[in-house]
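Listed below, chain by chain, are the residues.
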Amino acid sequence: MAIDRNETFDVIVVGAGPAGAAAALRLAEQRVKVLLIERGMAPGAKNMMGGRIYTHSLEKLVPDFRDRAPLERKVTKERISIGAGNEMTTIEYSCQDVKENEESYVVLRAKFDKWLAEEAEKKGALLVSNVQVTELITEGEGKNRRVVGVRCHDDEVYAKLVIIAEGANTVLLEEAGLTGPTDPKTMAVGVKEVYKLKKEDLENRLMLSGDEGMAWLTLGDMTDGLLGGGFIYTNKASLSVGMVVGLEDIGSAGKSVDEMLEAFTSHPRIAPLLKNGQLKEHSAHLVPEGGYKAMPKLGGNGYIIVGDAARMCMNLGYTIRGMDLAIESGICAADAVNVALRDENMDRVPKLYEKQIKASWLRHDLKLYKHVPKFLGTNPRIFNEYPTFVNNLMRDVFTVNGDGAVPMMKKIMRRVGDIGLFTLIRDAWKGVRSL
Amino acid sequence: MELLVCIKQVPDTSEIKLDPETNNLIRTGLPSIVNPDDMHALEAALAVKDQYEGSRVTVLSMGPPQAEAALRECLSLGADDAVLVTDRAFGGADTLATSYTIASAIRHIQRTMNRQFQIIFCGKQAIDGDTAQVGPQIAEELGMAQATYACELSVDQAAQKAVVKRQHENGYEIVEVPLPLLVTATAELNEPRQPGLWSSIYAKRYTISHITLRDMPHIDESRIGLTGSPTRVRKVYQPPLRGKVEMLSSIDEGAKKVLELAYHIKPEKFAHLLVPNDVPVVDSTEDEGVDVKDPVQRAASVESVVPSEAKVEEIKPNTFAAEAAKSADVSKGGDR
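Parameters and conventions
- Residues numbered from 1 in each chain as written.
- Chains lettered and ligands numbered in written order.
- Predicted model: local features only at pLDDT ≥ 70, side-chain atom pairs only at ≥ 80, totals over all residues.
- Helix = DSSP H or I, 4+ residues; strand = E, 2+ residues; numbered from the N terminus.
- Buried ≥ 20, exposed ≤ 12 C-beta atoms within 10 Å, placed from the backbone.
- Contact = placed C-beta atoms within 7 Å.
- Core = buried A, V, L, I, M, F, W, Y, C linked by C-beta atoms within 7 Å.
- Nonpolar A, V, L, I, M, F, W, Y, C, P; charged D, E, K, R; others polar.
- Pairing = 2+ DSSP bridges.
- Axes fitted to C-alpha atoms, helices over the stretch in contact; angles between N-to-C directions.
- Domains from an automatic or database assignment.
- Parallel < 35°, antiparallel > 145°, perpendicular 65-115°, else oblique.
- Left-handed = near helix turned anticlockwise from the far one by under 90°.
- Expected span 1.5 Å × (residues − 1).

> How should I be thinking about the overall build of chain B in this particular structure?
If you tally the helices and strands in chain B, you get 10 helices and 11 strands. Per-residue burial for chain B yields a buried fraction of 33% across its 336 residues. Sequence-distant contacts in chain B: of pairs separated by 6 or more residues, those separated by 24 or more amount to 70%.

Here it is as structure tokens:
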């Protein structure tokens, strides 16, 4: 056996995250010759997120994933907390009988992404890890310019199509001039720590049993008034605790992101949860937060873009989605390629891909919430004044001090007065309208 | 040129732990890597391959079937062939039995695949055992020249010679050695390359051949595995912790701590470096080893030692040494 450097592939997928692996898996199922290139030591080694995947799109791809995927816990409890200083107001919702297509699970990316890429490999995709794609190879000029392959340092490899699944940091696309520079307004940085705990401690502290898990999002002054919030997700015997903060104002913030995370983990409502926990990991990653309006053109001659690289992420404040969109976009990409290969006309792939996206829930969901990033991004009251408002109101409601009780309406109006009735109504109107 | 690299798959010792009760290695969940020194051995072989076109690098390892992963990593860096010596009968071997088994496998490869290896590369030692014995013992068994602890290597194929710079504890030795030769590589020898795309694809598709006991009918079975191993491990234990690690936030604090600790251990050695605040620096002319009885010498030395006003100013702000000296007195019996 010898190396044949002239070998070509039908499709090269750059990046073995959920979007790339999903595309490769679906393509390999149709006997397409696909090369999946990952720069980490193994798929998932360089990936990071808070922790939750909604599994409806994964189920389409791997119907028996519940038996095979490395899932940490099924989310049966949702918590949202609004913090101000040492005060915290929390809403908790729990549901035992989630419908199958509405399930979500907490996963650890180092395990999950590796598994999904290996599933693709089992179907016949050629997975190569620890190799970095350094450049997209293009031919022609102007309108006829076309992506024909990729370069990995000294090695070149060519294919009929390149699927770009390079993730949030779109270095290859930007260097090839296929997308413009990323607007920092549309990006955030996520930091996360994983604390190992005794399984019983974790379950007792959060009142979970068996494989039940919790997704806990927090909002408030822990981000020092910046766009963002904290999160806690339950793994089998550890907790993923972290924070996402808008990238744009990070330089002018009073605290560094690490200091914000430290304030969060030592918050009097959070610290008892982490007691006797052993810090096992610390990681950080870029997060696309721009939504529909920040999405680039989804493809061109010889290439299409999937997952985070195409900014397919949604943050509504109470629900955060990324992996289900990534997997769905991978499926759409693969289906477009399969049609084009059958018709022997690969030039149609970008058009077909766009059509697939439009036909699926992907575009619908992204478009529906297109005003949310702007609403959250241009309304600093949400991260400062409203958390204080909510907690003050709660304090008033629960206070008994022997000074004579105050009518509820008066309590409420006193706090509303702090912000201004009209501002409050306007923000509430705008907020609800954007969702 | 036919080149052979012997590698070992080892647990990543940066993650290693001992069971505090049984003192056994906790191997479960421990990631495996190619022994770091072996990566330098491989790089040395690949460099020779780059130098002489038509060369071929074969990688050999002895271990359980999982060691294939380590061999594949070598293939992704540019090795041409990989062979795994694996059999339950080889298990439990010490360095003597291991090197005999590997040497037998090498003879087997040379005979069946018709390859005469001109250079065999090994890592200096493995991070799990640290014995540095297997390489030299293979050379002994095969009756070939050896150059251990190589930190520089140049090969001359035409003259069938190599020049090796060997690292010693207190110096270097440069030797000229005839081929065939066995070299053991140190980390100073080279910087291992990154895996290439095509070689990684090659590594993925490559079928690694196994050599088992049955493949080597001439092997002396009393010299392999546990029975062939004269070494007996009496005791494995974790040395007790010698002290706590303390993280200091600034250079200033670090300097103070260093002085404090050093002063505490051997005050007389550092006393002259500490400049107490209240003692005038200018007057300390006596400890210069000057013969004070000799007026000429004294006059000369006093002039050179007494500093100008500016010099005194320079020294005065530097007071942390004095503080350290004080606090050293307070904190007697530190935690080390």
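> Looking at this structure, how should I read the nonpolar core?
Nonpolar side chains tend toward joint burial in soluble globular proteins. L36 of chain A together with V5 and C74 of chain B are the most contacted members of the largest nonpolar core, which totals 190 residues. A per-element tally of this core places helix α9 (residues 323–342) of chain A first, with 11 residues. Apart from residues no more than four positions distant in its own chain, C74 of chain B is found in contact with V5, I7, V34, L42, V59, A79 and A82 of chain B.

> Explain the interface of chain A and chain B to me, please; I cannot follow it from the model alone.
Accessible area lost on assembly of the parts is the figure often given for the size of an interface. In this assembly, 11 residues from chain A lie in contact with 10 residues from chain B. Taken together, the elements giving at least two residues each to the side of chain A that touches chain B come down to β7 (126–128) and β10 (155–164) of chain A. Here the side of chain A that touches chain B is built from residues that sort into seven nonpolar, one polar and three charged.

> Help me understand unusual backbone geometry, please; the structure alone is not making it clear to me.
Glycine aside, negative phi is the norm for most residues, and most peptide bonds take the trans geometry. Across the junction of L179 of chain B and P180 of chain B, the peptide omega takes the value -5 degrees, indicating a cis bond. Position of P180 of chain B relative to the elements: it lies in the loop between β9 (171–178) and β10 (181–185). Although it is not a glycine, N130 of chain A adopts a positive phi angle of roughly 65 degrees. Tracing the backbone through its elements, the reader meets N130 of chain A in the loop between β7 and β8 (135–139). Residue Q160 of chain B is not a glycine yet carries a positive backbone phi of 55 degrees.

> Is there a simple way to explain the sheet that holds strand β4 (residues 56–62) of chain B in this structure?
Hydrogen bonds between backbone groups are what pair the strands of a sheet, and the pairing can be parallel or antiparallel. Residue and element names in this part refer to chain B. Spatially, β9-β8-β7-β10-β6-β1-β4-β5-β11 is the arrangement adopted by the nine strands of the open sheet, whose pairing is mixed. Only two strands of the sheet have a single neighbouring strand rather than two, namely β9 and β11 (209–211). Strand-to-strand twist across the sheet, computed as the mean angle between neighbouring axes with direction ignored, equals 35 degrees. Where strand β5 (residues 81–85) meets β11, three bridges bridge the pair, whose relative direction is parallel. Residue V85 lies in a different strand from β11, and its bridge partner there is I211. This element, helix α3 (residues 95–112), spans β1 (2–7), β4, β5 and β11 of the sheet and lies at about 145 degrees to β4.

> Looking at this structure, I do not really get the pairing of strand β9 (residues 146–152) of chain A. What am I missing?
Two faces make up the sheet, and in a regular strand the side chains alternate between them. All names here are of chain A. Most of β9 sits out of view: five of its seven residues are buried. Where β8 and β9 come together, five bridges link them in antiparallel fashion. Considered in β9, the bridge of E135 is made with R151. Bridging between β9 and β10 involves four bridges; their strand directions are antiparallel. Note on β10: the bridge partner recorded for R151 is E156. Where β9 folds back onto β10 in an antiparallel hairpin, the turn is made up of two residues, including H153, whose phi is positive at roughly 55 degrees.

> How should the domain arrangement of chain A be read in this particular structure?
All names here are of chain A. Each assigned domain of chain A is listed with its residue range as follows: domain 1 (8–71 + 108–180 + 296–359), domain 2 (186–288) and domain 3 (381–434). Taking only C-alpha atoms, the centre of domain 1 and the centre of domain 2 are 29 Å apart. In this assembly, 12 residues from domain 1 lie in contact with 15 residues from domain 2. Looking at the side of domain 1 that touches domain 2 residue by residue, the class counts come to five nonpolar, four polar and three charged.

> It is not clear to me how the environment of H267 of chain A should be interpreted in this structure. Could you clarify?
Residues and elements named next belong to chain A. In this fold, H267 is placed in the loop between α7 (257–265) and α8 (271–274). H267 gets classed as buried once you count the C-beta atoms within 10 Å, which come to 21. Once the C-alpha coordinates of H267 and E156 are considered, the two residues, 111 residues apart in sequence, prove to be 51 Å apart.

> I keep staring at the packing of helix α13 (residues 385–398) of chain A against helix α14 (residues 408–419) of chain A and nothing clicks. Help me out?
Helix packing for two helices is described by the angle between their axes and how far apart those axes are. All names here are of chain A. α14 packs onto α13 with a crossing angle of 160 degrees between their chain directions and a minimal axis gap of 10 Å. Taken together, the axes of α13 and α14 lie roughly antiparallel to each other. Of the two elements, α13 crosses α14, and the hand of that crossing is right-handed. Contacts between α13 and α14 involve E385, F389, N392, L393, D396 and V397 from the first element and K411, I412, R415, D418 and I419 from the second. Here the contact of α13 with α14 is built from residues that sort into five nonpolar, one polar and five charged.

> Which parts of the structure should I look at to understand the pairing of β1 of chain B?
All names here are of chain B. The buried fraction of β1 amounts to five of the six residues, a majority that puts the element mostly inside the structure. Strand direction decides the pairing type here: β1 and β4, joined by six bridges, are parallel. Across the sheet, residue L4 finds its bridge partner in β4, namely T58. Across four bridges, β1 lies against strand β6 (residues 119–123) in parallel orientation. Bridging across to β6, L4 finds its partner in I120.

> What exactly am I supposed to notice about α13 of chain A here?
It helps to recall that an α-helix has 3.6 residues per turn; residues three or four apart then point in one direction. The end-to-end C-alpha distance of α13 of chain A, which contains 14 residues, comes to 20 Å, matching closely the 20 Å that a straight helix rising 1.5 Å per residue would cover. Each element contacted by the buried residues of α13 of chain A is listed here: β4 (73–84), β5 (87–94), β12 (212–220) and α14 of chain A.

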